[in-house]
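Inside the fold
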Amino acid sequence: MQSPVYVQEHEIFIVAPSGEVAAFCIIWTDELTKIGHFELVGTHPDFQRKGLGKSLLFEGLRRLKSEGMDAADVCTNHDNVAAIPLYESVGFQIDKRLLTYKKKRTT
């Protein structure tokens, strides 16, 4: 929320009748590249497999399009068996694979 490019209206929530946040995501826009980005997409375990994630993504895509974005991306780990089919179900395709390197601190 402290980022200079943060826009509160880019937070999307689905709230359960109980008042709990059932699912959420944040979209980011890049005016230079015209690419929108989903970062932080999540559904509470009690509400998974009910189509809420898909609804969030479609709403996010609608908002990104209305703000002039030509494309959108979302990232996940290669072994995220819940996210990958969800993203593919709304039309996302694998574009790049990101390698992350770690080195444990030695004493």
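Small disclaimer: the values here were computed from a predicted structure and weren't measured.

1. Some points on the pairing of strand E3 (residues 35-43)
Here strand E2 (residues 21-30) runs beside E3; their pairing, made up of 8 bridges, is antiparallel. In the strand pairing of E3, Trp28 is matched with His37. Counting the residues that bridge the hairpin from E2 to E3 gives 4 residues, and of these Lys34 lies at a positive phi of roughly 65 degrees. Judged from the 4 bridges that link them, E3 and strand E4 (residues 71-74) form a sheet pairing that is parallel. Within E4, the residue paired with Gly36 across the bridge is Ala72. Note on the crossover from E3 through helix H1 (residues 52-66) to E4: the handedness is right-handed.

2. Overview of the state of the cysteines
A complete count under the given rule lists 0 disulfides for this structure. The thiol sulfur of Cys25 is not disulfide-bonded, and the nearest other cysteine sulfur, from Cys75, lies at 14 Å.

3. Observations regarding H1
Between its first and last C-alpha, H1 extends 21 Å over 15 residues, near the 21 Å set by a 1.5 Å rise per residue. Here H1 has its buried residues at Leu52, Gly53, Leu56, Leu57, Gly60 and Leu64. Projected down its long axis, H1 carries its buried residues within an arc of 135 degrees, all on one side. Among the exposed residues of H1, those oriented more than 90 degrees off its buried face are Lys65 and Ser66. Of the surrounding elements, those touching the buried residues of H1 are strand E1 (11-15), E2, E3, E4 and helix H2 (83-89).

4. With respect to the sheet that holds E3
With respect to topology, 4 strands assemble into an open sheet ordered E1-E2-E3-E4, the strand pairing being mixed. In this open sheet, the two strands that pair with only one neighbour each are E1 and E4. Shown here is a sheet whose adjacent strand axes are inclined to one another by a mean of 20 degrees, direction ignored.

5. A closer look at the environment of Glu9
Position of Glu9 among the secondary structure elements: in the segment before E1. On the accessibility criterion, Glu9 (56% relative accessible area) is exposed. Separated by 62 residues in sequence, Glu9 and Ala71 place their C-alpha atoms 19 Å apart.

6. A closer look at the nonpolar core
Core analysis: the largest hydrophobic core is formed by 18 residues, its most contacted members being Phe38, Tyr87 and Phe92. At the level of elements, E2, H1 and H2 are the ones that each hand at least two residues to this core. When residues no more than four places from it in sequence are discounted, the contact partners of Phe38 are Cys25, Ile26, Ile27, Leu56, Leu57, Gly60, Leu61, Leu64, Ala72, Asp73, Val74 and Phe92.

7. Considering the packing of aromatic side chains
Per the stated rule, a full pass over the model turns up 2 aromatic pairs. Ring geometry for Phe38 versus Phe92: centroids 6.0 Å apart, planes at 90 degrees, classification edge-to-face. With Phe38 in strand E3 and Phe92 in the segment after H2, this residue pair connects regions lying 54 residues apart in the sequence. With a relative accessible area of 15%, Phe92 lands in the buried category. Ring geometry for Tyr87 and Phe92: centres 6.3 Å apart, planes at 70 degrees, overall edge-to-face. In this structure, Tyr87 and Phe92 share a single accessibility class: buried.

Criteria and thresholds
- Residues numbered from 1 in each chain as written.
- Predicted model: local features only at pLDDT ≥ 70, side-chain atom pairs only at ≥ 80, totals over all residues.
- Heavy atoms only, no water.
- Pairing = 2+ DSSP bridges.
- Helix = DSSP H or I, 4+ residues; strand = E, 2+ residues; numbered from the N terminus.
- Right-handed = clockwise from strand over helix to strand, strands pointing away.
- Disulfide = S-S within 2.5 Å.
- Expected span 1.5 Å × (residues − 1).
- Buried < 20%, exposed > 50% of the residue type's maximum accessible area, 1.4 Å probe, protein only.
- Arc of directions from axis to C-beta.
- Contact = heavy atoms within 4.5 Å.
- Axes fitted to C-alpha atoms, helices over the stretch in contact; angles between N-to-C directions.
- Core = buried A, V, L, I, M, F, W, Y, C linked by side-chain atoms within 4.5 Å.
- Phe/Tyr/Trp six-rings, centres within 6.5 Å; stacked < 30°, edge-to-face > 60°.

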